[in-house]
Amino acid sequence: FYNISLQLDNNNIPYVVTNSSVCFVKKFNGVAWEEVGITGFTQTGSSLVFDNFNVPHMYVGGIIKKFTGTNWVDISTIQITPYLVIGNGKNLFFNSSNDLYASFVGTFYTDTPKTFVKKLVNTTWQSIVSNGNMNDKYYSVSNDNVYHLSFGSDYYPDVNKMVNGQFTLLGDQTFSSWLST
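Not measured: the values here are computed from a predicted model. (Residues numbered from 1 in each chain as written. Predicted model: local features only at pLDDT ≥ 70, side-chain atom pairs only at ≥ 80, totals over all residues. Heavy atoms only, no water.)

A. The arrangement of the environment of glycine 37 in detail. Relative to the helices and strands, glycine 37 resides in the loop between strand S4 (33-35) and strand S5 (45-50). Take glycine 37: its relative accessible area is 22%, and that puts it in the partly exposed class. When the C-alpha atoms of glycine 37 and threonine 70 are compared, they prove to be 5.2 Å apart, with 33 residues separating the residues in sequence. What glycine 37 contacts, discounting residues up to four positions off in sequence, is Phe67 and Thr70. (Helix = DSSP H or I, 4+ residues; strand = E, 2+ residues; numbered from the N terminus. Buried < 20%, exposed > 50% of the residue type's maximum accessible area, 1.4 Å probe, protein only. Contact = heavy atoms within 4.5 Å.)

B. Examining the nonpolar core more closely. Core analysis: the biggest nonpolar cluster contains 12 residues, these being Tyr15, Val17, Cys23, Val25, Val36, Phe41, Leu48, Phe50, Met58, Val60, Phe67 and Trp72. Elements that contribute at least two residues to this core include exactly strand S2 (14-19), strand S3 (23-28), S5 and strand S6 (56-60). Discounting residues that sit within four places of it in the chain, valine 60 has contacts with Phe41, Gln43, Thr44, Gly45 and Lys65. Membership of the second largest hydrophobic core comes to 11 residues, among which are Ile64, Phe94, Phe116 and Leu120. (Core = buried A, V, L, I, M, F, W, Y, C linked by side-chain atoms within 4.5 Å.)

C. Up close: the packing of aromatic side chains. One pass over the structure, following the stated rule, counts five aromatic pairs. Centroid distance tyrosine 15 to phenylalanine 50: 4.8 Å. Interplanar angle 65°. Geometry classified as edge-to-face. Residue tyrosine 15 is found in strand S2, and its partner phenylalanine 50 is found in strand S5; the two are separated by 35 residues along the sequence. Here the two residues tyrosine 15 and phenylalanine 50 agree in accessibility, since each one is buried. Aromatic side chains phenylalanine 67 and tryptophan 72 sit 5.3 Å apart centroid to centroid with 45° between the ring planes, which places their arrangement in the tilted category. For the pair phenylalanine 67 and tryptophan 72, one class covers both residues: buried. Joined through ring pairs, the aromatic side chains of Phe41, Phe67 and Trp72 make up one cluster. Cation over ring: lysine 26 sits above phenylalanine 24, and NZ or CZ is 5.8 Å from the ring centre. (Phe/Tyr/Trp six-rings, centres within 6.5 Å; stacked < 30°, edge-to-face > 60°. Lys NZ or Arg CZ within 6 Å of the ring centre and 35° of its normal.)

The values reported here are purely geometric and, on their own, carry no functional implication.
Here is the structure:
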C-alpha cells in the first residue's frame, strides 16, 4: 500500500484510505475494519474529510466523491479548464456553513505550478486563491469563514490569514525560531 490516509469522523471513528493498484475506504466498527460502500476505485484516493453532517468526501482521481450511505457518488470535478493539470497538495475542507473547499497545486502546460483554492457553490467552483505560490501547502477555513494558510517550505512555514483579500502574517516571521530549539 502507498498513500495511506487516516481521518477521524465527527464521532471519532477512524477511517482509512489505502491505495495500491486500487483505492479502498475502510472504517473501524469497534471490532474490525469494514469497507465503506463499494470502493476499489482504479484511481488514487486522497484527502478524506467529513462535512458538518458527518458525510465522508474525498478526491478520487480528479473527481470529488461523497458517500451517500450506500454508494460513493461524484459531486463535482475540480478541473477548472481543460488545460489545467492537477498535481499534488490536494486538500478538501468544510467551513462552519458546510461549504466545501478544495485546494490543490495545478499548472497550465509548462507554467510554474501554483496553488489554487476553490469553493463549491451549488455546482460551480468559485475561485478563492488562484495565484498562490507552489509552496503554499495547507489551507483551512475557520468557523467565522476566515481563510488560513501556511506559506513556505515544510521546514520553515509561515502561517497567514486572509483579511480583505490580503494575507496577514500571524506571529513571528517563521517557525524557525522554535524549530531550532
